[in-house]
Amino acid sequence: MSSSLPLTRSEVFGQLRKELYGENQSRQSNTHTFIILGASGDLARTKIYPTLWWLFRDGLLPGNTHFVGFARSKLTVEDIKSSCQPYMKVTDDDGECLSTFFRMNSYLSGSYDDDDSFDRLNSHLLSLPGGPDSNRLFYLALPPSVYQHVSTNIRNHCMSSSRGWNRIIVEKPFGRDLQSSQELSAHLSYLFTEDQLYRIDHYLGKEMVQNLMVLRFGNRIFGPIWNRDNVACVVLTFKEPFGTQGRGGYFDDFGIIRDVMQNHLLQILCLVAMDKPASTSPDDVRDEKVKVLKCISPVAASDVVLGQYVGNPEGDKDSKLGYRDDPTVQKGSLTPTFATAVLYVHNERWDGVPFVLRCGKALNERKAEVRLQFTDVPGDIFGNMCQRNELVVRVQPDEAIYIKMMTKRPGVYFSPEETELDLTYKSRYKNVKLPDAYERLILDVFCGNQMHFVRSDELREAWRIFTPLLHQIEEDGIEPVPYTYGSRGPKEADELVKSVGFCYEGTYKWAQPHNA
């Protein structure tokens, strides 16, 4: 089918459905129960319920799936519907389908540390179609402080019978450091097997993150140059143009390294740096990711720049306020809202190549991307007029892959000019609606596909890399460098990136040919 023809969401997912469920889609004859623990919270309201609705609307969930909300708040299904509907992108044609979806919903209130509450939850689950034999998916949309109580009560009171499977979806953060993560992992491993655990990092569900494997291992042109002989530097960037927006109390307890760098950016680094797996099976892929992490030494403070945003007097109402102006943030907080760190993968493919991880809030733009900068062309005959080639994978916004390259300037001149080979998705794939990351990942849980979820040994190695730095920041009270709301971040970060070999000339101009 031509990519220029309009495609509905159902058509986009149709092939995926066949791949995951099989041609006969026999799993749909089973009953499934999706239990949302923390159903009254922000994550459930803005992400989980809307995602389940989209999958239900497009016919992508197994048949006879029921949804159960559980939280401390005394609510009704109608309350859940009212709070979620602004995020569900409901059209005028969805009325009957939406009513059907909420008829498949129920809600119970109870305490997370109370045995009787979970006995009542289990009694309710037994009353639904499938009863004890229904496949059960438990989504822990909860703060980590209650994970142990909730997981223990699920195991002791709410597991399906031997005829049905049980899967537990755990939201990040998975601990605060190596020790707390290990304690949580040990607790969960005592209660559940690894194939029952789905540690969700929504970045692994994004289109361009998943595309990295196909880009790397499905194209002959990239394999021979994807190494230390040709790549000068790799930069992984995550930028947000807004501050903590009322989440300062939560953010102040974690900081930008725990919130973004230790999970999102490190997961992308693994996909960029790993060797080709034996197959696309989840274990083969995750084995290669773990190998990469084991080759990375703990990051040194000398290879890090920390920042914290301050108000911009010339900005709008929001940007006039700095991080410490947030009333929910501790007075004099040293929590970084920006970090740049340089890591090295000590193996034959990447030895000596800096991997730069940059992330921050209240910056000049919204952007997440992977940027490989290649080494200079040897034997320059153009008098230093050529810039380095770069391969850029833009994760968000406006998904794209483009290669910055040199061509002859059009006309009578014989001089090089920077341009690009460009694959912008909204131009190449017109009218294709890319699925939300949570849609992909929740569908994967139904299908039992763990490729895009974090395994326990991955988690251990990731924390090993960052825990010494996190402890040093907190114990030494390292003062983050102030940067202005809406800026590119601290200039010291640019100096660090330049010092490890990244070249930025500032001469490239993006033509934006796809705006028409």
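Residues numbered from 1 in each chain as written. Predicted model: local features only at pLDDT ≥ 70, side-chain atom pairs only at ≥ 80, totals over all residues. Heavy atoms only, no water.

1. Considering the sheet that holds strand 3 (residues 105–109)
Taken in spatial order, the six strands make up an open sheet running 3-2-1-4-5-6, and their pairing is parallel. Only two strands of the sheet have a single neighbouring strand rather than two, namely strand 3 and strand 6 (197–200). If you compare each strand with its neighbour and ignore which way they point, the axes differ by 20° on average. With six bridges joining them, strand 1 (residues 32–37) and strand 4 (residues 135–140) adopt parallel strand pairing. Among the inter-strand pairings, Leu37 is bridged to a residue of strand 4, identified as Leu140. Against the sheet, helix 2 (residues 42–57) engages strand 1, strand 2 (65–71), strand 3, strand 4 and strand 5 (166–171), with an angle of about 165° to strand 1. (Pairing = 2+ DSSP bridges. Helix = DSSP H or I, 4+ residues; strand = E, 2+ residues; numbered from the N terminus. Axes fitted to C-alpha atoms, helices over the stretch in contact; angles between N-to-C directions. Contact = heavy atoms within 4.5 Å.)

2. Some points on the side chain of Glu458
Topologically, Glu458 is positioned in helix 14 (residues 456–476). When its relative accessible area of 1% is taken as the criterion, Glu458 is described as buried. If we skip the residues at most four places from it in the chain, Glu458 touches Gln267, Arg286, Lys289, Val290, Leu293 and Phe453. (Buried < 20%, exposed > 50% of the residue type's maximum accessible area, 1.4 Å probe, protein only.)

3. A closer look at unusual backbone geometry
Gln396 connects to Pro397 through a cis peptide bond whose omega is -15°. Inspection of the secondary structure puts Pro397 in the loop between strand 12 (390–396) and strand 13 (400–408). We note that Lys89 has phi near 55°; this positive angle belongs to a residue other than glycine. Tracing the sequence through the fold places Lys89 in the loop between helix 3 (77–84) and helix 4 (95–103). By relative accessible area, which is 61% here, Lys89 ends up exposed. The backbone of Ala362 shows a phi angle near 55°, a positive value even though the residue is not glycine. Position of Ala362 relative to the elements: it lies in the loop between strand 10 (354–360) and strand 11 (367–374).

4. Topic: the packing of helix 2 against helix 4
The N-to-C vectors of helix 2 and helix 4 enclose an angle of 120°; their axes lie 10 Å apart at closest approach. The angle between helix 2 and helix 4 places the two elements in the oblique class. Helix 4 is crossed by helix 2, and the crossing has right-handed handedness. Residues Tyr49, Leu52, Trp53, Phe56 and Arg57 of helix 2 pack against Cys97, Leu98, Thr100 and Phe101 of helix 4. Broken down by class, the residue content of the contact of helix 2 with helix 4 amounts to seven nonpolar, one polar and one charged. (Parallel < 35°, antiparallel > 145°, perpendicular 65-115°, else oblique. Left-handed = near helix turned anticlockwise from the far one by under 90°. Nonpolar A, V, L, I, M, F, W, Y, C, P; charged D, E, K, R; others polar.)

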